[in-house]
Amino acid sequence: MPRSSASSVPEYLESLSDAQRDEVSLVRDVLLARMPAGFEEGMQWGMITWSVPLSVSGKTYNGQPLGYVSLAAQKNYLSLYLMGVYGAREDAFRSAYAGSGKKLDMGKSCVRFRRASDLALDVIGDEVAGTSVEEFVERHRSARGSG
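Computed from a predicted model, the values in this text were never measured in an experiment. (Residues numbered from 1 in each chain as written. Predicted model: local features only at pLDDT ≥ 70, side-chain atom pairs only at ≥ 80, totals over all residues. Heavy atoms only, no water.)

(A) Representation of the sheet that holds strand β5 (residues 110–113). The strand order across the open sheet formed by 5 strands is β1-β2-β3-β4-β5, and the pairing between neighbours is antiparallel. Whereas interior strands pair on both sides, the edge strands pair on one side only; in this sheet they are β1 (40–44) and β5. Direction aside, the axes of adjacent strands within the sheet are offset by 25° on average. Alignment of strand β2 (residues 47–52) against strand β3 (residues 66–73), held across 5 bridges, turns out to be antiparallel. Bridge pairing in β3 places V52 opposite L66. (Pairing = 2+ DSSP bridges. Helix = DSSP H or I, 4+ residues; strand = E, 2+ residues; numbered from the N terminus. Axes fitted to C-alpha atoms, helices over the stretch in contact; angles between N-to-C directions.)

Here it is in structure tokens:
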């Protein structure tokens, strides 16, 4: 996992190399344009993270806001964590991505890339835009048997 001590998104971006900052900024711009209302951007776990405020989600198991999407620069690549894809949405996301013609390098929810142009940004944008805060919280609760 990436680690940054930056306390704000601008501070985090400033800490990156010029090349990393350019690529992260391109992906961040897509995410900002497509992010549903109610998710808040900030720094969490050393990454830029869009999360559900605790005032909306209620108490979480770790006391942290419920993370929806995170974006980070690692030593040798960049990472995009799509928690909304983890589980039931994964097959649909992989299928849509395959239709883009772009190569997907993905673990459970982590898409690894070197340049923004490596990504199917339209597919990622559609996926991010396709889940409201309320839907994400409900999926989270249902997955934990508290829904």
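From this point, things continue past the structure.
(B) Representation of helix α4 (residues 90–100) in the model. Among the residues of α4, those classed as buried are E90, F93 and Y97. The arc that holds every buried residue of α4, seen down its axis, measures 65°, which confines them to one face. Structural note: α4 exposes D91, S95, A98 and G99 on the side pointing more than 90 degrees away from its buried face. Buried residues along α4 sit in contact with β4 (78–82), β5 and α5 (121–129). Note on α4: the residue one or two positions beyond its end, G101, has a positive phi of about 85°. (Buried < 20%, exposed > 50% of the residue type's maximum accessible area, 1.4 Å probe, protein only. Arc of directions from axis to C-beta. Contact = heavy atoms within 4.5 Å.)

(C) Local environment of the pairing of β3. The element β3 is largely enclosed, with a buried count of 7 among its 8 residues. With 5 bridges connecting them, β3 and β4 associate as antiparallel partners. Bridged to A73 within β4 is L78. In this antiparallel pair of consecutive strands, β3 and β4, the connection spans 4 residues.

(D) Geometry of the pattern of salt bridges. Throughout the structure, instances matching the rule amount to 7 salt bridges. For E41, the salt bridge is made with R28, and the minimal N-O distance between the two is 2.6 Å. Here E41, found in strand β1, pairs with R28, found in helix α2 (residues 18–34); they are 13 residues apart in sequence, far enough to count as distant. In this structure, R34 and D126 form a salt bridge, with 2.9 Å as the shortest nitrogen-oxygen distance. Placement of R34 in helix α2 and of D126 in helix α5 is noted, with a sequence separation of 92 residues between them. The partly exposed category is assigned to R34, whose relative accessible area is 33%. (Salt bridge = Lys/Arg side-chain N within 4 Å of Asp/Glu carboxyl O.)

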